[in-house]
Amino acid sequence: MEEEKKAERRDAAAATVAVVFTFVRDCRRAAATPGRRRQRLETIDVNDEAMSDGGPRLTVTKCRALAVILFFVGCVMAVGLSVYFLARPHYPTANSCSTAPSKRQPLSQSFLGAGALSQLVQNVTRLPRTVLPRHYDVRLLPILEKGNFTVLGRVSIDVQCLQSTDRIVLHSSDIKVDLKSVQVIERGANKTLSIERIDYETVAEFLVIRLNVGQQQGKVNLTKGSNYTVSMNFVANLTETSAGFFRSVYMEDGVERYMAVSQMEPTDARRVFPCFDEPNMKAIFTVTLGRHRDMMALSNMPLINTTQIDGMDDFYWDHFAPSLLMSTYLVAFAVANFTKIEADVAHGKWKFNIYVRTSAISQAQYAKVIGPKTQAFYEDYFQVPFPLPKQDLMAIPSAFVGAMENWGLLTFGESVLLYDEDVSSLDDRQTVVELVTHELAHQWFGNLVTMDWWTELWLKEGFTSYVECLGADFVDPSLERLQQFVTSGLQAVMRLDALESSHPISVLVNHPDEIGELFDDISYKKGAAITRMLASFIGDKSFRDGLTNYLRIHQYGNAVQDDLWNAFDKQAKVDQVFLPTKVETIMDAWTAKMGFPVITVQRDYKNRNISVTQKRFLIRKSNSSTADTTVYLWWVPLTYTTDFQTIGSTWLADNQTSKNLTLEFEVEDNQWIIFNVDETGYYRVNYDAHNWKLIGQQLMTNHTAISVINRAQIMNDALNLARAGLLDYETPLNLTEYLEREEEFLPWESTLTALSYLNSMMQRTPGYGLLKNYVMKILMPLYNSLGFVHKSTDSHLTGKLRRKVVERCCFMGHKDCVTKAIESYSQWMADPGNTTIVPSVLKGVVACTAIRHGGELEWNFAFKRFRQSNVASEKATLLSSLTCTQESWILARLLEMCLNPAVGFRTQDALDVIKTLAENPIGRFMTFNFVRDKWTEMTKIFNSIHSLAHVFESVTKSFNTDMELKELSDFVGKNKELLVNAMTRSTQQSIDRVRSNVSWMRLNYRQVVNWLQQNNPATSQ
Ligand SMILES: [Zn+2]
């Protein structure tokens, strides 16, 4: 109690200087390079008297003057100290990474010119394992006041010394530590240790507390086996971007409101409180949050009691129960004026609540229903109970996209948690299910058992992305989520993984910048695709029981991928599942090598032999790819069928490029054979010309003899094989003719996605008219049978299919479609409050079509509705429709609006607009020119490597001429610091993509046009 009182007095002192820090920080932020968060000005802390107890008591006006002086002095010192820190030998770290380096590639290996940063930081960014945290007492008071968004904090960490040392090294970044408050106490002996000095290691984001070493050489102050408490006061930022503890600003009832909420993953807990910010340094967290009387506070654990803050009227401390053992990236805090909605949970084992701003209560009903059902499903599926007494789901109004799995306090952007049946679309409902089932699956996979280090990020993300499909199929079977994974997950990531500049699932990472780059489709979707493949070849029972064993053995701890493989291996043996080798051996190539194979099936019809070969599938092979010495061969689980009744299986080993198969059944010469049944394997399949012909004949006579997923697979494989030059374009284009009879969502989704490449390549060529005519011809039967109007009896996938067909027909200018869209938009304009005129599922296509064929009036209406809407997902739909205009001046105005803060676009909105505009044939060049001209300004505004990489990718992805490639290279050359050194991989991928487009045009354009001419509905009639 005594210690707490002292701390509170220190907090009050810190509050008086907070204004200074805000001012200094704002200056610093303006100067910072995006994505490379630096901490230079913090180095002034070493001699900064202002943080000391009883330091100068400043008034606000004096603060401003002093802040300016501090800023300039700080800048000078920062440069000097940064040079000092960078130049001297770096602090040695214990090698605690338990993964075998030989299996991994450093992320920088595939980089363009290997970033200097990667090399510099590889050995300096892991904490030494000399002391480990056991318990944190974290106390934070976020100040939610305009002009003074700060967090006053105190942390007290109980550590255990594992190896004698003279220093404690922990993470801290963008935090102003009150250096005079730092204390190290030996517990038990109750002895305060003397501190020699405290330093910041800027690049590594370390705070190093060196203790006084005695006269005797070799004497150390922290002794192996002893326990210590290190404590300090600090002021942290309440940032505007969703990193660390941040503020979300939103309007409610016409009033601007603020809330504070945290986002720690992957490495931002160190921005909120000094801590040991590595996933395998698990500890118990006891949290206390300060708040105003009108607000509520939430954390991972339930509230136990509330006390008034001494000397602050109307402010209270909320004290939360101690957590279970967990990683820093899962710690969560929130302070908001929200409404709680309690879900009905009959069993009483845990409570389940949704927290939203008051005016969005009605939109939380869907999450309230599916949330607790999903959590109960996972308890049953994993056979491990949810260990916390409560689960809170919180919808963050702004400054936050996606969702985060903080243990016991999940955070979501509003558009992915809230759902309004009248206004949101079918896709919005699916998104809510996907995100809720994903974050809840993490409560076991990631939270209870955590990856040992970020290198194995995929271990939680990939597995969860697969398991979420099981959760979704349980909680809302109509979505057919697992089936949809084939197109939205597996086929989607294959597009990225077919590039030479892809990266393996498992990569060696060290620095936060490298860790951040891992959150991509490879970790999530490829991770899920190979998990689905594993589940398929070991069988559902072994998969499920193996998971349960893994979770039980490693709960409250950390694991590496081999732990998981071993669990499956053991279970497969128990269940007598035949495997050609150990699970670990099979799976290693899939995680350690980038890419995937194409299996070529060659039939010898005379002798009834079948041979299969494997080779890495590349959409384009560059001439300069000789440096990579990896042998691209995999253990491939092959499955095949000739009737979808009997399924045969065999393996290709990772040292076999080809093999003659002995099939488990006879195949007649005139009978097709299809490999990769239901596309459970992560590979593409090519056949000899005759087998392709046999498959084509089957599709034309009775396509339902082939499973829905395999129809999707065949179309997607064939079109991509042709794109990669492994198959004549005639084959896939001939196959598309069967689509006139196809009524299922999946094959259409798969084909239209693959065809959209042809669309984007040909859109500005004379041959586009032929392509348009042909696509309309195959779409027409479906358009006519489904109709324009949504029916309440439609299944989820039929609704999605209609939307897709209508979208494509309207986009290609189909008269009936365009007329109907314009009609319903004008009715809506005449009666804006009526939500029934345009069904939510078609709102996007109706608005986009009316705006494309309309003028300023139509555009202004959508913009007005966008600003007025209270439903985040509807806002996103309308925002996207604003980019459909064909009026160049409106497009130019919209681009300018993105960078103009007065317009009030959220950062994410502006990014989305720029990305979507790049897909508009008219807006495309304009957007690239805009991005090129305003790049420097954009880097300051968007301030995130991830976001800028997406913009860069979007604006360049349909470039396909030598001139465009040159423009792109020139742009990269002029902006090397960011595009080459920081956004290395995404820049390389964009360049690869454009090169591939240029070569596609040279090799295939004429061939496709010839085929279309021969099959042109206008000429062939
Ligand atoms: Zn996740």
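Structure first, text after, so check above.
Residues numbered from 1 in each chain as written. Predicted model: local features only at pLDDT ≥ 70, side-chain atom pairs only at ≥ 80, totals over all residues. Heavy atoms only, no water.

In this section: the sheet that holds strand β28 (residues 647-652). Taken in spatial order, the three strands of this open sheet run β28-β27-β30, and their pairing is antiparallel. Where the open sheet ends on each side, the last strands, each with one partner, are β28 and β30 (674-675). Across six bridges, the pairing between strand β27 (residues 636-641) and β28 is antiparallel. In the sheet register, P637 faces β28, and the bridge partner there is W651. (Pairing = 2+ DSSP bridges. Helix = DSSP H or I, 4+ residues; strand = E, 2+ residues; numbered from the N terminus.)

Enumeration over the complete set of coordinates arrives at 56 aromatic pairs. For the ring pair F273 and F285, a centre distance of 6.4 Å and an interplane angle of 75° mean the geometry is edge-to-face. In this pair, F273 is assigned in the loop between β11 (255-263) and β12 (284-292) and F285 in strand β12, connecting sequence segments twelve residues apart. Just as F273 is buried, F285 falls in that class too. Judged by centre distance (5.8 Å) and plane angle (65°), the ring pair of F866 and F905 falls under edge-to-face. With F866 in helix α22 (residues 856-868) and F905 in the loop between α24 (888-898) and α25 (907-917), this pair connects stretches of sequence that are 39 residues apart. Looking at F905, the relative accessible area reads 13%, which means it is buried. (Phe/Tyr/Trp six-rings, centres within 6.5 Å; stacked < 30°, edge-to-face > 60°. Buried < 20%, exposed > 50% of the residue type's maximum accessible area, 1.4 Å probe, protein only.)

The amide bond that connects E265 to the next residue, P266, takes the cis arrangement and shows omega of -5°. Inspection of the secondary structure puts P266 in the loop between β11 and β12. Positive phi is not limited to glycine here, since E480 has a value of about 45°. Note that E480 resides in the loop between α7 (457-475) and α8 (481-497). The exposure class of E480 is partly exposed, given its relative accessible area of 33%. Backbone geometry places Y556, a non-glycine residue, at a positive phi of 65°. Mapped onto the secondary structure, Y556 falls in the loop between α11 (540-554) and β24 (557-559).

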